[in-house]
There are 4 protein chains.
Amino acid sequence: MRDYVEIGMGREARRTWQLDDVSIVPSRRTRSSKDVDTTWNIDAYSFDIPVANHPTDALAGVEFVKEMHAQGGLGVINAEGLIGRHEDLDAAVRKVIEAKTAGGNATKVLQELHAAPIDLGLLTERIQEIRDSGATVAVRVSPQRARELAPDVVKAGTELLFIQGTIISAEHVASDGDPINLKEFIGSLEVPVIAGGVSDASTAMHLMRTGAAGIIIGGGFNSSGPALGIETPMATAIADAAAVRREYMDETGGRYVHVIADGDIYTSGHVAKAIACGADAVMLGYPLAAAEEAAAAGYYWQSSAAHPRFPRGEVEQLFEEKVSLEVLLKGPATDPWGGHNIIGGLSRAMAKCGYTDLKSFQKVDLTVN
Amino acid sequence: MRDYVEIGMGREARRTWQLDDVSIVPSRRTRSSKDVDTTWNIDAYSFDIPVANHPTDALAGVEFVKEMHAQGGLGVINAEGLIGRHEDLDAAVRKVIEAKTAGGNATKVLQELHAAPIDLGLLTERIQEIRDSGATVAVRVSPQRARELAPDVVKAGTELLFIQGTIISAEHVASDGDPINLKEFIGSLEVPVIAGGVSDASTAMHLMRTGAAGIIIGGGFNSSGPALGIETPMATAIADAAAVRREYMDETGGRYVHVIADGDIYTSGHVAKAIACGADAVMLGYPLAAAEEAAAAGYYWQSSAAHPRFPRGEVEQLFEEKVSLEVLLKGPATDPWGGHNIIGGLSRAMAKCGYTDLKSFQKVDLTVN
Amino acid sequence: MRDYVEIGMGREARRTWQLDDVSIVPSRRTRSSKDVDTTWNIDAYSFDIPVANHPTDALAGVEFVKEMHAQGGLGVINAEGLIGRHEDLDAAVRKVIEAKTAGGNATKVLQELHAAPIDLGLLTERIQEIRDSGATVAVRVSPQRARELAPDVVKAGTELLFIQGTIISAEHVASDGDPINLKEFIGSLEVPVIAGGVSDASTAMHLMRTGAAGIIIGGGFNSSGPALGIETPMATAIADAAAVRREYMDETGGRYVHVIADGDIYTSGHVAKAIACGADAVMLGYPLAAAEEAAAAGYYWQSSAAHPRFPRGEVEQLFEEKVSLEVLLKGPATDPWGGHNIIGGLSRAMAKCGYTDLKSFQKVDLTVN
Amino acid sequence: MRDYVEIGMGREARRTWQLDDVSIVPSRRTRSSKDVDTTWNIDAYSFDIPVANHPTDALAGVEFVKEMHAQGGLGVINAEGLIGRHEDLDAAVRKVIEAKTAGGNATKVLQELHAAPIDLGLLTERIQEIRDSGATVAVRVSPQRARELAPDVVKAGTELLFIQGTIISAEHVASDGDPINLKEFIGSLEVPVIAGGVSDASTAMHLMRTGAAGIIIGGGFNSSGPALGIETPMATAIADAAAVRREYMDETGGRYVHVIADGDIYTSGHVAKAIACGADAVMLGYPLAAAEEAAAAGYYWQSSAAHPRFPRGEVEQLFEEKVSLEVLLKGPATDPWGGHNIIGGLSRAMAKCGYTDLKSFQKVDLTVN
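The rules we used
- Residue positions are given per chain, counting from 1 as you read along its sequence in written order.
- Labels follow written order: the first chain is A, the first ligand is 1, and so on.
- Totals for whole chains, interfaces and linings use all residues, but because this is a predicted model, local features are given only for residues with pLDDT of at least 70 and pairs of side-chain atoms are given and counted only at 80 or more.
- Side-chain numbers here rest on the full set of heavy atoms in the structure, without hydrogens or water.
- UniProt positions are given in the numbering used here, feature names are shortened, and annotations may be inferred rather than shown by experiment.
- Helix numbers and strand numbers start at the N terminus; a helix is a DSSP run of H or I with at least 4 residues, a strand a run of E with at least 2.
- To get the radius of gyration, use the C-alpha atoms; to get the globule rule, take the number of residues to the power 0.38 and multiply by 2.2 Å.
- Under the scheme applied here, a residue whose accessible area is under 20% of the maximum for its type counts as buried, over 50% as exposed, and between as partly exposed, the area being computed with a 1.4 Å probe on protein chains only.
- Contacts: residue pairs with any heavy atoms within 4.5 Å of one another.
- When charges are counted, Lys and Arg are positive and Asp and Glu negative, with His and the chain ends excluded.
- By convention, charge coordinates are those of NZ in Lys, CZ in Arg, CG in Asp, or CD in Glu.
- At least two bridges found by DSSP between two strands is the condition for calling them paired.
- Inter-axis angles, ranging from 0 to 180 degrees, are taken between N-to-C directions of lines fitted to C-alpha atoms, where helices are fitted over the stretch in contact.
- When two parts are put together, the accessible area they lose, computed with a 1.4 Å probe and summed over both, is reported as buried area.
- When a carboxyl oxygen of Asp or Glu lies within 4 Å of a side-chain nitrogen of Lys or Arg, that pair is called a salt bridge.
- Pairing of N or O atoms within 3.5 Å defines a polar contact, subject to two protein rules: one partner must be a possible hydrogen donor and the other a possible acceptor, and residues neighboring in sequence count only if both atoms are side-chain atoms.
- Known as pLDDT, the predictor's per-residue confidence is scaled from 0 to 100.
- Our superposition of the copies is a least-squares fit, built on the C-alpha atoms of residues whose pLDDT is at least 70 in both.

- Looking up chain A in an unreviewed UniProt entry gives the name IMP dehydrogenase, with the organism given as Corynebacterium guangdongense.
- Under Sequence similarities (unreviewed entry), UniProt gives the following word-for-word description of chain A: "Belongs to the IMPDH/GMPR family."

## Things to note about the overall build of chain A
- Scanning chain A from N- to C-terminus turns up 13 helices and 18 strands.
- Here the C-alpha radius of gyration of chain A, 20 Å, is about what a compact globule of 369 residues would show, namely 21 Å.
- Dimensions of chain A, computed from C-alpha atoms along their principal axes, come out at roughly 55 × 50 × 45 Å.
- Looking at chain A as a whole, 68% of its 369 residues qualify as buried.
- For chain A, restricting intrachain contacts to residue pairs at least 6 apart in sequence, the fraction spanning at least 24 positions comes to 68%.
- Computed over 34 positive and 49 negative side-chain charges, the separation of the two mean positions in chain A equals 4 Å.

## Here we look at the sheet that holds strand β12 (residues 193-198) of chain C
Residue and element names in this part refer to chain C.
- If you trace the eight strands from one edge of the open sheet to the other, you get β6-β15-β14-β13-β12-β9-β8-β7, paired in parallel fashion. Here the strands that pair on one side only, and so sit at the sheet edges, are β6 (51-53) and β7 (76-78). The sheet shows a mean angle of 25° between the axes of neighbouring strands, taken without regard to direction.
- One ladder, built from four bridges, connects strand β8 (residues 138-141) with strand β9 (residues 160-164); its direction is parallel. What sits directly across from V139, in β9, is L161.
- Across the sheet, helix α1 (residues 62-70) is in contact with β6 and β7; its angle to β6 comes to roughly 180°.

## A closer look at the arrangement of the chains
- Chain C makes no contact with chain A, the minimum C-alpha separation between the two being 11 Å.
- Contact between chain B and chain D is absent, and the least distance between their C-alpha atoms amounts to 11 Å.

## A word on the interface of chain D and chain A
- On the side of chain A, 58 residues touch chain D, which itself brings 48 residues to the contact.
- Both faces considered, chain D and chain A share a buried interface measuring about 4200 Å² in area, 51% of it formed by carbon and sulfur atoms.
- Three residues stand out in chain D for area buried against chain A, namely D:I7, D:M9 and D:R11, and they jointly supply 19% of the buried area on that side.
- Remark: the boundary between chain D and chain A carries one salt bridge.
- With a shortest N-O distance of 3.6 Å, D:E171 and A:R29 are connected by a salt bridge.
- Where chain D touches chain A, the interface holds 26 residue pairs in polar contact (both at pLDDT 80 or more).

## Looking at the pairing of strand β2 (residues 11-15) of chain D
- Across the five residues of β2(D), four count as buried, placing the element largely inside the fold.
- Looking at chain direction, strand β18 (residues 365-368) of chain A and β2(D) are connected through two bridges and run parallel. In the sheet register, A:V368 faces β2(D), and the bridge partner there is D:R15.
- Relative to β2(D), strand β1 (residues 4-8) of chain D runs antiparallel, the two sharing four bridges. Following the sheet pairing, D:G8 is matched in β2(D) by D:R11.
- Once β1(D) ends, the chain turns through two residues before running back antiparallel as β2(D), passing D:G10 with a positive phi of about 75°.

## Thoughts on the confidence of the model for chain A
- For chain A, per-residue confidence averages 95 on the pLDDT scale, and 99% of positions sit at 70 or higher.
- Among the scores for the predicted complex, ipTM is 0.95 and pTM is 0.97.

## Regarding the relation of the copies chain D and chain C
- The operation relating chain D to chain C is a screw motion whose rotation component is 90°, with 0.1 Å of axial translation and a residual RMSD of 0.0 Å. Within this description, the copies of the chain are treated as partners about a four-fold rotation axis.

## A closer look at the interface of chain D and chain C
- Contacts between chain D and chain C engage 58 residues on the former and 48 residues on the latter.
- Between chain D and chain C, the buried area comes to about 4200 Å², and carbon and sulfur atoms account for 51% of it.
- Across the chain D-chain C interface, the total number found is one salt bridge.
- Linking chain D to chain C there are 27 residue pairs in polar contact (both at pLDDT 80 or more).

Now the structure itself:
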């Protein structure tokens, strides 16, 4: 049964948990981490590691996406980011960093750079460049602009479409326009869709019913708590989504919708906990900012940081020392806090708990402190 | 049922919650934030936004009140503050800031400036200046001096009277004077009264029965915890007051008393949470100190900080960078933490949860972590 | 019923609460703080304010005790402190402060100064000086040396004897000496005894049965948590002792033993909470270090800080700015955090909750967050 | 019954506790700390104090082990550390410290120094040097290399073998090699084995059944939380192991397996709490780094910090001021926070609670806050 508290007379609130509240318990025979398989299969695609990047220009230029592919993960570009607006992406990214370094208002610079229109030709070119490299092409659009952008983006070669906002629902209603019904919309597309973020079981179920191949739990590493009063309790939300996934499988006679965690994941320990709570894969933002291949290597902001009227998420310098994406994901690490060799950390956590594949690791024992 | 713990043998304490303990859960169809209506109607007055300022000279000089009105909110001046004691308000405010800047004891300077007598002529003049501007005239008096000051303050043109202290009750008893019975007193006035702060359900009910149009929950951003051992648990106290409001409506066959939250509200997320817990409107102190139009722009203290023998609340420099009140309330923001575009944040929180008016948003799901 | 958790299989632990976990709830008619009576009567002695000092040389030289008396409180000297060992107390205190200021090991200096023998003649002289001033004479001895020192200390004029260690029990057993049985020992003395600290109900009951006039809850502001793994949960321990006090009254047909709180009390809010939990009076250490009249004005250490082999509690500079003990206790305050006008804060807390005497304030409502 | 919470729909997690969450309650007659006996007997060995060191080169060179013996404790060297790889251990340790001091990557230097092969001749020589000094010889090997190294290590004179990794199980399975079955392996050795770390009851029981003389709870002061998502809840894990120890005694008709705590123990208070939760002895890492006799005196890293691909635990400077191991363990202390005279602190905690031996102190009352 859910655990509810009465916060005031007649007003109940469910008790929820963050990833930092839970811990994994090793209680079976240990295994060798070499025997661990971290393969993530979604739709027709198979990835060696269950990792996509959060779709921000701070990470994902074309080079980064290629390197993500080389490392066995999934690179995702943001169709509504600088990458689709500025011919010289490096120069645009540099402007943001320079504003930050000079102590200026980097958020404002980011907003100004996003005021430039989306250049579909440029976006198409970049999508094709990724496609030509042999990497899986994954592109993020917002729910607001999905209808407008998705057809071109798909035509340009997108293989996995992310319809991703801070918080989305299966049906968005606006009095001054047509509502977007994701079920119909996704049904009209020829590529698998991953949609989110969501933070509760009910919306998760509705999103699964839209036909999405995967749903995203959480809204990135953002400031939704202070700014909106909405903070996704990641451990609870992932576990709820995993429960809903089982219900939906039952309802559909076996359709499996992937649960992808995107929030409060800073270290390999968080990745392990997210999977342990029920996620199939994770989106990494913050920790990948240490990659030499990241567009803003060392600096980070997430997509919502560029919102014209209500930005969420700062432009920050996160790392002075950068390492290759390979070291970040596969080591060898010299950072002892789970920031390097993230997949090595995940594999070791699984092995120490006696599991050798991701799906079964979703059943590992948990504790809360 | 309430949740009680036994803190010692035979000694129970109710478990309570702060705004920072709760989070809002979006679990319905999302809406467009453009469709959100934040109108707040109280008595004959209608405000575009459910926001009044905490009545402190650090914010509310005459210019600030005019600008609050221009932005659709309610400006409240403090009849017992510097504004009613010093002809040259700017000079008085400057003295406080200078004492702070110079590392002196700004609290002491504030106390000294408050030792000057209230000048009813000056106060009347200022009230009329606000009235002449077309802004709604709201004035705060303390319960201790309400009887003495209210008649003149009302005569001068006050439209909404705030009888506000850190903690008040419906009946204040003093052995060396007449007790003040708010029911009789409010009944004798010709303007609607908003009274508070209160922090428990029983006092809230008593205050509602005085005939007040609204009651205030909380006692500002003060030091009542360390100084008095009394810390209002804002989420619980608001939810309790909302429950009492329902009871009182039933008791009176429909009289609706407004619940106004004044405490621990620092960001747009806190505003959204306060409404979600059951508030009809909020009083903002701290976050409005970043307004260029604030009397002490960048600096802040609350009314109780000037108490002659037991001041609560520091004189603080809160913001180096100031923006217009318009940006603070309506954006566009360049601050990503809910400090700017406070109403934009509230509207987005409501829209993401699928609500388009304040009253129904009071029913949104909540969690605690 | 007590609230227990199972920390491990078959191992239970009671859930307890600190003063910082609880808050006072004002839920009755407010009163004027001028109507509040803070008188504390214990045995034949009556104090205007329910405050004694923690017996440390950092506070209580002869001048400080006189000023405590002038302010209506109780000054307590430490028979085993520097005051009974060094003719020139000021010089001794100065040495400790100088070691601290010079970045040396002030604890070591304190230990060396305590290696000097207790000079009974000197101690007698100082006790008589206090007596001659008209102040109530209160002296602290440790349980270990009570038998040796108490007779002389009492003969010299002590009116209230504190038998106080970090943690004491009604009967102390040592294989190489006679056990001290406090019941017999207290019975043999002609002055009322206040004994402690204790942190649990069972020891509290045993101490009450020794015939003590008061028992002390807590062990000062010390480092018993990190050093001993024993941390008194002040709110719970006070409430337990108050419950035991009722039981003991019943058992004895009306003997009332005072509960005096000595731990984690830093502000007027903590004083109010301690009384609200059931204490009759408090011992203040840390906050009184800001008194100009304190022996080490601005600096603080507690008695256990001088232990020769296992000191607990640091020599610290707590305050740069000092004020008179009168301001600390009775104001007017310019510090807004409950550090000044401590009794003013207590009185206001009581008045805002509608209570006018300490005994009834022990029933005020509490919450935990 | 265990205390479980539902972190998400259908997903339960047990509630667990850290040492910092619990506190010891003195509720019996106090005793003299001189009457306390801290003897720890394991197998044929008897130690005056229940303390071994965490097996890291930062502490345990040959001189340190000798001094541990002189103080009544148990020194443990790490067969896979620098001590078995570098003829000039001091020079190797110095290189690590110099890298740290120079702001370089000390973890990398540590990894490089561990890339040197284990020199069995050198290791044998050092083991014999310890043996010749009369100290008990205790050597740690990892579960991975136990089979390869243990025979030589035992032949060289090891009296107590530690098979210790961050997390181990009774049977380690690797697809590309023979699994190691600790039961068979321990059965084949002629010396008592202490094995761990473990963090749950089930693994604890399996390890007891291997025939180990003792099991280790916890994985040192490491970064397993952030790096692996696995954080041992020390209070719960110790209490669970103590419960399992009783079950296993019953199962075997009286075989007593020692529970040794190795994690989150920084002060004498933590030592007391670990014993109070059910441990028979503790391994100290961090606090012993202040010993003048420690190999890297003032600096610390634990064994897992040298892992070639996934290091856990930093190279840190912990102490600028060093004291003798004697002062650290037995005082007299001048540090008031339980960092010095660790056994004095334990003895006083026991005495204040009325216990005079370690075994009975495991039953002392506990609280949680």
